[in-house]
Amino acid sequence: MTEHPVPAPVVPPLVRPRRLRTTPALRRMVAEQQVQARQLVLPVFIREGLTEPKPVSSMPGVVQHTRDSLLAAVSEAAELGLGGVMLFGVPETKDATGSGALDPSGVLNLAITDVVAEVGDALTVMSDLCLDEFTDHGHCGVLTADGRVDNDQTLAAYADMARAQAHAGVDMVGPSGMMDGQVRVIRDALDAFEHTDVGILAYSAKYASAFFGPFREAVDSSLVGDRRTYQQDPANAREGVREALLDVAEGADMVMVKPALPYLDVVRRVREAVEVPVAAYNVSGEYAQLEAAAERGWIDREAAILETLTSIHRAGADVILTYWASEAARLLAL
Ligand code: PBG
């Protein structure tokens, strides 16, 4: 009997993904994506009646601007090649209906005109379209006699606010109040007044989030209670997609998910569900927690900022609103 040699087992070569991580040049070449300055939007606060910029203590590095400091911040943003700015106005006096939001000489409407005059077409100038900065109760709409936020009465106020902002020269309005039908009513109001070129960045999937905490200081909010009857339950991702689809159907030019980091799954699902650009808002609480850890020396601040923005972009955000926008643009240029 002849002996048959036992064939040697076929051992595949060891798979070595690390080979692609060998040098900085190779890592750079194969990077799947990189967020760019043009995709970043800087949110800014302007406070009526200030003579000096006023720091927001829970957001180190962020201030409530005076008119002059605001113009300096937006021209720097333009020089850095950011995509845009999102303006928030903080009036000196607030009332039950948020009338300062509709007033053509209200703080936000004046700031829009100023900023557009300063940066022209170099930046997309956007403005928050919501009543919470202007109401003495701090809610995003007007209240019924028993204290609930009245959806349809609020829509009428949003329509007026949209017209005032468009008249002031804004490029895009950012309705953030989570009222049903807000995009449709705002689109109709803009079109009826020949502002067909003014776009809508809809805060579509906006969650009732603890991560908005520091923002309340930034806008001197007097909110007592919560926004759970209009902002979404953090448990609901499918509903976030539903809200985004509705907003697109109502005429939104872009949709947004907010906050960003705790909702990256929603960013991804919305990105896959719609054909318009998707924005994500890296909110005040996300900013504050990283800054607080960095202040204690517990985290590498710049690396953590870039990793944060990379993650939001990787999840599917085409545009990111972030208080680090200008700084990140500088870091990305290094
Ligand atoms: C509402 C609005 C809020 C934020 C942006 N627009 C606050 C809220 O809904 O309670 C939060 C932004 C942030 O936390 O950075 N006008």
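A few points on the structure. Quick caveat: nothing in here was measured; it's all calculated off a predicted structure. (Residues numbered from 1 in each chain as written. Predicted model: local features only at pLDDT ≥ 70, side-chain atom pairs only at ≥ 80, totals over all residues. Heavy atoms only, no water.)

## Side note on the overall build of the protein chain
Secondary structure summary: the protein chain contains 11 helices and 10 strands in total. Per-residue burial for the protein chain yields a buried fraction of 51% across its 334 residues. In the protein chain, once contacts between residues fewer than 6 apart in sequence are set aside, the share between residues at least 24 apart is 76%. About 16,200 Å² of surface is accessible on the protein chain, with carbon and sulfur atoms providing 53% of the total. When the 29 positive and 47 negative side-chain charges of the protein chain are each reduced to one mean point, those points stand 9 Å apart. (Helix = DSSP H or I, 4+ residues; strand = E, 2+ residues; numbered from the N terminus. Buried < 20%, exposed > 50% of the residue type's maximum accessible area, 1.4 Å probe, protein only. Contact = heavy atoms within 4.5 Å. Areas by Shrake-Rupley, 256 points an atom, 1.4 Å probe, with all protein chains shown as cover. Lys, Arg positive; Asp, Glu negative; His and termini not counted. Charge placed at Lys NZ, Arg CZ, Asp CG, Glu CD.)

## Some thoughts on the packing of aromatic side chains
Following the criterion strictly, the structure yields 9 aromatic pairs and no others. Ring plane angle 50 degrees and centroid distance 6.1 Å describe the contact between Tyr 281 and Tyr 323, whose orientation is recorded as tilted. Taken together, the positions of Tyr 281 in strand β9 (residues 278–282) and Tyr 323 in the loop between β10 (319–322) and α11 (325–333) put the pair 42 residues apart, joining distant regions of the chain. The exposure class assigned to Tyr 281 is buried, which follows from its relative accessible area of 1%. Using a relative accessible area of 9% as the deciding quantity, one classes Tyr 323 as buried. (Phe/Tyr/Trp six-rings, centres within 6.5 Å; stacked < 30°, edge-to-face > 60°.)

## Observations concerning helix α8 (residues 264–273)
Looking only at α8, the buried set comprises Val 266, Val 267, Val 270 and Arg 271. Taken down its axis, α8 places every buried residue within 135 degrees of arc, on the same side. The secondary structure elements touched by the buried residues of α8 are β7 (199–206), α7 (238–250), β8 (254–258), β9 and α10 (301–315). (Arc of directions from axis to C-beta.)

## A short note on the site of the ligand
The environment of the ligand is made up of 18 residues, and the closest members are Asp 132, Lys 206, Arg 216, Lys 258 and Tyr 323. Here a nitrogen atom of the ligand and a side-chain polar atom of Asp 128 are 2.9 Å apart. Measuring from a nitrogen atom of the ligand, one finds a side-chain N or O atom of Asp 132 at 2.6 Å. Protein contact buries 100% of the 410 Å² of open area that the ligand shows by itself. Considered class by class, the residues forming the shell around the ligand number 8 nonpolar, 3 polar and 7 charged. (Near = heavy atom within 4 Å. Polar contact = N/O pair within 3.5 Å; in protein donor to acceptor, adjacent residues only side chain to side chain. Nonpolar A, V, L, I, M, F, W, Y, C, P; charged D, E, K, R; others polar.)

## Section: the nonpolar core
For soluble globular proteins, the rule of thumb is that nonpolar side chains tend to be buried together. Grouped together as the largest cluster of nonpolar side chains are 101 residues, with contacts concentrated most on Leu 87, Val 115, Tyr 158 and Val 270. Once residues within four sequence positions are removed from consideration, Leu 87 is found in contact with Val 44, Leu 70, Leu 108, Ala 111, Ile 112, Val 115, Val 125, Met 126, Ser 127 and Asp 128. (Core = buried A, V, L, I, M, F, W, Y, C linked by side-chain atoms within 4.5 Å.)

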